[in-house]
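What the coordinates show
Listed below, chain by chain, are the residues.
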Amino acid sequence: MIDELNTIETSAVAAIEGATSLAALAEVKTEVFGKSAPLAKAQRSLGTLPPEDRKSAGRAVNESRGRIERALDAHRSSLAEAERATQLVAERLDLTEVPEGATVGHAHIVTQAWQALEDVFVGMGFRVAEGPEVETDWHNFDALNIPPGHPARDGFDTIYVDHGRPGTTLLRTHTSPVQIRTMLDQEPPIYIVAPGRVFRRDTADATHMPVFHQLEGLVVDRDISLADLAGTIEAFTEAYFGPGFTSRLRPNYFPFTEPSAEFDIQRPDGSWLELGGCGMVHPNVLNAGGIDPERWTGFAFGFGIDRLAAMKYGVDDLRELFTGDVRFLNQF
Ligand code: PHE
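So, a few notes on the structure that sits alongside this text. (Residues numbered from 1 in each chain as written. Predicted model: local features only at pLDDT ≥ 70, side-chain atom pairs only at ≥ 80, totals over all residues. Heavy atoms only, no water.)

1. Details of empty space enclosed by the protein
The gaps of empty space that remain are located by a probe, the size of a water molecule, rolled over the atoms. Condition: With a 1 Å grid spanning the protein atoms alone, the term cavity applies to any set of points in which a 1.4 Å probe fits but cannot get out, the term pocket to an open set with protein on both sides within 12 Å along at least five of seven lines, and the term lining residue to any residue with an atom within 4 Å of a point. Grid points are joined across faces, edges and corners, and a volume is the space filled by probe spheres set on the points. Helical segments are the DSSP runs of H or I of at least four residues, strand segments are the runs of E of at least two, and each set is numbered from the N terminus. Residues are sorted three ways: Asp, Glu, Lys and Arg are charged, Ala, Val, Leu, Ile, Met, Phe, Trp, Tyr, Cys and Pro are nonpolar, and all the rest, Gly among them, are polar.
Within this structure, the stated rule accounts for one cavity of 30 Å³ or more. Taken as a whole, the largest cavity holds about 30 Å³ of empty space. Lining the largest cavity, in full, are Phe121, Thr232, Ile233, Phe236, Phe263, Phe301 and Phe303. Where the lining of the largest cavity is concerned, the elements lending two or more residues are helix H9 (226-241) and strand E9 (297-304). Among the elements that make up the lining of the largest cavity, the one with the highest residue count is H9 (three residues). Across the lining of the largest cavity, the residue classes break down as six nonpolar, one polar and no charged.

2. With respect to the packing of aromatic side chains
Stated precisely, the cut-off is as follows: Put simply, two rings from Phe, Tyr or Trp (the six-membered ring, in Trp's case) pair if the centres are within 6.5 Å, and we call them stacked under 30 degrees between planes, edge-to-face over 60, tilted for the rest. To sit over a ring, a charge needs its Lys NZ or Arg CZ within 6 Å of the ring centre and within 35 degrees of the ring normal.
Using the criterion set out here, one finds 16 aromatic pairs in the structure. Between Phe126 and Tyr191, the ring centres sit 6.0 Å apart and the planes meet at 80°, which makes this aromatic pair edge-to-face. With Phe126 in the loop between helix H5 (109-123) and strand E1 (127-128) and Tyr191 in strand E4 (residues 190-199), this residue pair connects regions lying 65 residues apart in the sequence. Each ring, one from Phe241 and one from Phe245, has its centre 5.4 Å from the other, and the planes form 25°; the classification is stacked. These aromatic residues form a ring-pair network of at least three members: Phe121, Phe126, Tyr191, Phe236, Tyr240, Phe241, Phe245, Phe263, Phe299, Phe301 and Phe303. The ring of Trp296 carries the charged tip of Arg222 above its face, separated from the ring centre by 4.0 Å. Sitting above the plane of the Trp272 ring, Arg248 keeps its charged end 3.7 Å from the centroid.

3. Some points on the environment of Arg44
Quick note on the threshold: For this analysis, a polar contact is any N or O atom pair within 3.5 Å, provided that within protein one partner can donate a hydrogen and the other can accept it, and provided that sequence-adjacent residues contribute only side-chain to side-chain pairs.
Mapped onto the fold, Arg44 is located in helix H3 (residues 38-45). In sequence terms Arg44 and Arg65 are 21 residues apart; their C-alpha atoms lie 14 Å from each other. Of the polar contacts made by the side chain of Arg44, one reaches the backbone oxygen of Lys35; its length is 3.1 Å.

4. Examining the site of the ligand
Selection rule: For this purpose, a residue is taken to be near a molecule or strand whenever a single non-hydrogen atom of the residue falls within 4 Å of it. Accessibility throughout is a Shrake-Rupley quantity obtained with a 1.4 Å probe, and a residue counts as covered only by protein chains that appear here. A cavity or pocket is said to hold a molecule if more than half of that molecule's atoms lie within 2 Å of its grid points.
Near the ligand there are 14 residues, and of these His174, Ser176, Arg200, Gln214 and Glu216 occur at the shortest range. A distance of 3.0 Å separates an oxygen atom of the ligand from a polar side-chain atom of Gln214. The protein chains hide 91% of the 330 Å² of surface that the ligand would expose on its own. Among the cavities detected, the one that contains the ligand is the largest pocket. Those elements that place two or more of their residues in the shell around the ligand are strand E5 (211-221), strand E8 (272-281) and E9. Sort the elements by how many residues they give to the shell around the ligand and E9 lands first, with three residues. Tallied by class, residues from the shell around the ligand come to five nonpolar, seven polar and two charged.

5. Let's talk about the sheet that holds E8
For clarity, the threshold we go by: DSSP calls a pair of strands paired once it identifies at least 2 bridges connecting them.
Across the sheet, seven strands lie side by side as E1-E4-E5-E9-E8-E7-E6; this open sheet has mixed pairing. In this open sheet, the two edge strands, each paired with only one partner strand, are E1 and strand E6 (246-254). Where strand E7 (residues 257-266) meets E8, eight bridges bridge the pair, whose relative direction is antiparallel. In the sheet register, Ile265 faces E8, and the bridge partner there is Leu273.

6. With respect to unusual backbone geometry
A cis amide bond, omega 5°, links Pro188 with the succeeding residue Pro189. For Pro189, the position within the fold is in the loop between helix H8 (177-185) and E4. Between Glu258 and Pro259 the backbone carries a cis peptide bond, its omega angle lying at 0°. Following the sequence through the fold, Pro259 ends up in strand E7. One non-glycine residue with positive phi stands out, namely Asp157, at about 45°. Topologically, Asp157 is positioned in the loop between helix H7 (151-155) and strand E3 (169-171). The phi angle at Asp223 is positive, at roughly 50°, despite the residue not being glycine. Within the secondary structure layout, Asp223 lies in the loop between E5 and H9.

7. Notes on the nonpolar core
The criterion, for reference: Here the nonpolar core consists of buried residues drawn from Ala, Val, Leu, Ile, Met, Phe, Trp, Tyr and Cys, with membership extended through side-chain atoms lying within 4.5 Å. Note on exposure labels: buried denotes an accessible area under 20% of the residue type's maximum, exposed denotes more than 50%, and partly exposed covers the range between, all computed with a 1.4 Å probe on protein chains only. The contact criterion used throughout is that any non-hydrogen atoms of two residues lie within 4.5 Å.
Core analysis: the biggest nonpolar cluster contains 37 residues, and Phe236, Leu275, Phe301 and Phe303 have the highest contact counts within it. Those elements giving two or more residues to this core turn out to be H5, E5, H9, E7, E8, E9, helix H11 (305-312) and helix H12 (326-329). Considering each element in turn, this core owes the most residues, six residues, to H5. Discounting residues that sit within four places of it in the chain, Phe301 has contacts with Phe121, Val193, Leu215, Glu216, Gly217, Leu229, Ile233, Phe263, Gly277 and Cys278. The next biggest cluster of nonpolar side chains, apart from the first, holds 22 residues, and it includes Ala129, Leu170, Ala194 and Phe256.

8. Quick notes on the environment of Pro293
Structurally, Pro293 can be placed in the loop between helix H10 (283-288) and E9. When the C-alpha atoms of Pro293 and Pro51 are compared, they prove to be 117 Å apart, with 242 residues separating the residues in sequence. If sequence neighbours within four positions are ignored, Pro293 has contacts with Pro283, Leu286 and Asn287.

In structure tokens:
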């Protein structure tokens with residue numbers, strides 16, 4: 001009986017260890033532990049033994065069964081581990097590789113212009129500042145010397161937000177409120193530019209968009225004069241557009257600057273591009289920003305980034321910039 005059991009066990013363990021897959025192992029398991037398997041037959045034959053031998057023979061069968069089961073479990077886990085490893089290798093994805101024929105995207109041309117402008121001004125010693133797109137009417141208007149009822153408010157076609165008292169919260173119509181936030185935030189000397197998104201209730205056409213981008217500049221320091229403003233605009237023009245480009249100021253009116261001017265860029269071919277507004281910061285604005293106009297003076301300027309990008313790349317309809325059509329975007 002014991003010899004027979006040893007033979008059964010040895011061949012069972014050999015069959016188990018010979019299985020090369022979990023599926024094959026499952027088959028071996030039914031062969032080894034099935035009703036007609038040698039082990040089951042040995043178990044059944046226990047009944048035919050004389051009673052005094054049954055107990056030890058029964059124990060021997062159980063011990064054999066136990067060892068076969070442990071061999072089965074051990075081989076099952078090593079097969080499972082190996083199969084998992086093979087699967088991982090087979091299903092591996094190389095996410096670092098750009099598939100052949102794929103194209104790599106690039107920044108939108110407005111973003112490119114925005115970043116290039118930041119670079120130019122940072123190179124001239126300015127810091128980049130930010131403000132919220134949803135503004136109070138105080139930051140967007142009152143603090144900029146545009147009190148309620150001032151005709152300049154109507155000129156802005158403001159989009160109001162349904163928040164607080166009606167007419168007190170709006171989508172900023174220009175980046176000029178960042179002047180106020182910066183002055184309230186830091187002591188002069190101030191040298192900042194604030195690029196950002198602005199909003200006006202405008203119907204989109206070739207030269208206007210209801211959402212567009214501006215770049216604001218603000219300088220507040222001792223003895224800042226109109227000559228500093230003109231010199232800064234001129235230095236920026238050359239740095240951004242390149243040699244051969246010059247600038248000029250034309251008298252204009254803004255409530256938040258006095259005197260105020262419009263500034264134009266002259267291309268090497270002699271033609272002019274109207275770029276933006278500028279002027280010496282109005283004393284009321286310095287006061288609103290908590291700065292003493294007797295001790296400090298400053299200048300500010302602001303212009304549209306989108307038109308600049310459109311001009312640089314020869315885009316004649318601003319709407320094209322924002323359709324998100326890759327056939328358009330891929331040209332740049
Ligand atoms: N905020 C003005 C506009 O949107 C531009 C401007 C900025 C003018 C700063 C003067 C000084 O038209």
